[in-house]
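Below are the chains, spelled out letter by letter.
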Amino acid sequence: MKNTKFFIKTHERKYPVYIGVSSIAAAKHKLKSITKNSKNVAFFLDTKISINRVKEIIRSLKGKKISIFKITANEKNKNFVTANNLLNGLARKKFNRSDCVIAIGGGIVGDISGFVASTYKRGMKFINIPTTLLSQVDACIGGKTGVNSKFGKNLIGNFYQPELIISNPTFLETLSNREIICGYAEILKHAIIMDTKFFSWLIKYGLELVRKRNKKLMTYAIYKSCKIKAGIVEKDEKEKNLRMKLNFGHTFGHAFEATKKFSNKLNHGEAVLLGMMSASEFAFEKKILPLSDLIKIKKHFLDLNLPYNLKKYFRKKDITRIIGFMTIDKKNYNDKINLILISKIGKSLNGKIFSKKEVYKFINKKI
């Protein structure tokens with residue numbers, strides 16, 4: 001698969017997703033159409049990305065006044081201070097509602113950019129060009145925007161759909177192996193919760209994706225992952241029911257990240273992988289997931305050398321903090337813990353409620 005295109009249809013709007021090595025060229029006409037009435041276009045650019053990588057996009061915006069805003073993308077900077085600086089920058093340059101923000105970077109850049117675009121003058125045009133595997137297969141799809149607070153990850157934000165998404169696998173060439181694995185976490189998650197055949201495909205080609213970065217296989221994996229998530233988002237845009245399935249591994253994972261204070265010791269994808277393994281083992285312990293399926297999942301983790309062992313990252317003294325962050329997760333409405341679990345590979349369950357004591361006991365055995 002060299003290039004592909006599909007549409008996401010939500011209550012807010014219908015918009016295209018272009019995926020492939022020549023996706024930027026393929027999307028030029030749509031890019032011009034979206035910005036037709038825009039005098040100003042703001043690029044919110046990850047500081048790690050050279051301006052030379054986006055010259056093709058800038059050339060297609062002939063006649064527009066281009067402003068470049070650099071974002072140092074890390075979880076500590078994903079906050080109100082960064083968002084406010086960007087909002088003030090747009091105001092100083094007299095942007096209006098018909099103008100456009102184009103995010104070029106990973107999920108952090110996309111989340112902040114979408115949040116700013118949605119709040120500046122109550123909403124301006126927004127285009128997302130994700131450049132990490134994690135953002136291409138997950139963060140760019142679904143319209144979630146937001147920033148972190150001292151109380152946890154992504155607690156402040158809203159839903160704001162982009163006008164266009166362009167995912168180009170050539171951006172992935174400069175990523176570290178750790179960043180590729182970070183993105184692979186979400187690809188694997190989508191397979192585990194929704195698609196047994198895709199999980200089997202990953203067992204066959206996972207090493208090719210993670211180690212060799214085969215572009216044809218990568219394009220297919222990105223497309224397949226996006227389609228799974230898009231299908232869920234179209235049915236439940238605001239995460240009232242079905243979309244909660246996408247949080248498989250994330251209640252554990254977000255708590256793991258927060259306990260590590262969003263440091264480089266544990267990135268988002270690694271935390272989600274630890275979270276998925278924890279959720280799978282917890283489901284087995286609660287007689288929800290068969291042992292045969294847990295063995296398949298664990299074997300895939302071992303074959304690809306994916307992080308799975310909590311002892312490597314945490315000590316007994318961390319458990320209280322982990323439970324504390326799990327309790328204030330945005331899916332919870334009381335002091336109990338709401339977990340997304342799987343009953344088998346390809347089938348997830350929407351929200352199982354457990355006491356803090358049950359989860360504490362489980363984690364205590366793993367650390």
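Thresholds applied
Residues numbered from 1 in each chain as written. Predicted model: local features only at pLDDT ≥ 70, side-chain atom pairs only at ≥ 80, totals over all residues. Heavy atoms only, no water. Helix = DSSP H or I, 4+ residues; strand = E, 2+ residues; numbered from the N terminus. Rg over C-alpha atoms; globule rule 2.2 N^0.38 Å. Buried < 20%, exposed > 50% of the residue type's maximum accessible area, 1.4 Å probe, protein only. Expected span 1.5 Å × (residues − 1). Arc of directions from axis to C-beta. Contact = heavy atoms within 4.5 Å. Polar contact = N/O pair within 3.5 Å; in protein donor to acceptor, adjacent residues only side chain to side chain. Phe/Tyr/Trp six-rings, centres within 6.5 Å; stacked < 30°, edge-to-face > 60°. Lys NZ or Arg CZ within 6 Å of the ring centre and 35° of its normal. Salt bridge = Lys/Arg side-chain N within 4 Å of Asp/Glu carboxyl O. Pairing = 2+ DSSP bridges. Core = buried A, V, L, I, M, F, W, Y, C linked by side-chain atoms within 4.5 Å.

1. Points about the overall build of the chain
Thinking step 1. On a plain count of helices and strands, the chain comes out with 14 helices and 11 strands.
Thinking step 2. A compact globule built from 367 residues would reach a C-alpha radius of gyration of about 21 Å, and the chain, at 20 Å, matches this within 12%.
Thinking step 3. The C-alpha extent of the chain, read off along each of the three principal axes, is 60 × 40 × 35 Å.
Thinking step 4. By the burial criterion, 58% of the 367 residues in the chain qualify as buried.

2. A closer look at helix α4 (residues 80-92)
Thinking step 1. In this model, α4 (13 residues) spans 18 Å end to end at C-alpha, consistent with the 18 Å of a helix rising 1.5 Å per residue.
Thinking step 2. Turning to α4, its buried residues are Thr82, Ala83, Leu86, Gly89 and Leu90. Summarising the axial view, the buried residues of α4 lie within an arc of 120°, below the 170-degree limit, and thus occupy one face. Among the exposed residues of α4, those oriented more than 90 degrees off its buried face are Val81 and Arg92.
Thinking step 3. Looking at the packing, one finds that the buried side of α4 touches β3 (40-46), β4 (65-71), β5 (100-105), α5 (107-119) and β7 (144-149).
Thinking step 4. Measuring from the backbone nitrogen of Val81 back to the side-chain oxygen at the start of α4 gives 3.1 Å, which picks out Asn79 as the cap.
Thinking step 5. Of the residues flanking the end of α4, it is Lys94, one or two places downstream, whose phi is positive at about 60°.

3. Notes on the packing of aromatic side chains
Thinking step 1. A full pass over the atoms with the stated rule returns 12 aromatic pairs.
Thinking step 2. An aromatic cluster is present here, built from Phe252, Phe256, Phe282, Phe314, Phe354 and Phe362 joined pairwise through their rings.
Thinking step 3. Positioned over the ring face of Tyr160 is Arg13, at 5.8 Å from the centre of the ring.
Thinking step 4. We note Lys14 situated over the ring of Phe7; from NZ or CZ to the ring centre the distance is 5.0 Å.

4. Some thoughts on the pattern of salt bridges
Thinking step 1. With the rule as written, the count across this model stands at 17 salt bridges.
Thinking step 2. Across the pair Lys365 and Glu285 runs a salt bridge whose closest N-O atoms are separated by 2.6 Å. Here Lys365, found in helix α14 (residues 356-366), pairs with Glu285, found in helix α11 (residues 268-285); they are 80 residues apart in sequence, far enough to count as distant.
Thinking step 3. A salt bridge links Lys317 to Asp318; the nearest nitrogen and oxygen atoms lie 3.7 Å apart.
Thinking step 4. On the basis of relative accessibility, which here comes to 67%, the residue Lys317 falls in the exposed class.

5. So, helix α10 (residues 250-259)
Thinking step 1. Of all 10 residues in α10, 10 are buried; the element is thus mostly enclosed.
Thinking step 2. Of the residues making up α10, those classed as buried are His250, Thr251, Phe252, Gly253, His254, Ala255, Phe256, Glu257, Ala258 and Thr259.
Thinking step 3. Contacts from the buried residues of α10 go to β8 (152-159), α7 (177-194), α11, α13 (319-327), β10 (337-344) and α14.
Thinking step 4. Looking one or two residues past α10, Lys261 carries a phi angle of roughly 60°, positive in sign.

6. Focus: the pairing of strand β11 (residues 347-354)
Thinking step 1. As defined by bridge partners, β10 adjoins β11 across 6 bridges and the pair is classed as antiparallel. Bridge pairing in β11 links Asn338 to Ile353.
Thinking step 2. Linkage of β10 to β11, two consecutive antiparallel strands, is achieved through a turn of 2 residues, within which Gly346 is found at a positive phi near 100°.

7. Some thoughts on the nonpolar core
Thinking step 1. By size, the foremost hydrophobic cluster in this structure holds 78 residues, and its most contacted members are Leu188, Met326 and Ile363.
Thinking step 2. Grouped together as the second largest cluster of nonpolar side chains are 21 residues, Ala83, Leu90, Ala117 and Tyr160 included.

8. Remarks on the environment of Tyr15
Thinking step 1. Its location among the elements puts Tyr15 in strand β2 (residues 14-20).
Thinking step 2. Here Tyr15 falls in the buried class, since its relative accessible area comes to 0%.
Thinking step 3. Through-space distance from the C-alpha of Tyr15 to that of Asn84 is 28 Å; in sequence the pair is 69 residues apart.
Thinking step 4. Excluding residues within four positions of it along the chain, Tyr15 makes contact with Phe6, Phe7, Ile8, Gly142, Gln161, Pro162, Glu163, Leu164 and Ile165.
Thinking step 5. Side chain to side chain, Tyr15 and Gln161 meet in a polar contact 2.7 Å long.

9. What to know about the pairing of β7
Thinking step 1. Relative to β8, β7 runs antiparallel, the two being bridged by 5 bridges. Note on β8: the bridge partner recorded for Gly146 is Gly157.
Thinking step 2. Between the end of β7 and the start of β8, which pair antiparallel, lie 2 residues.

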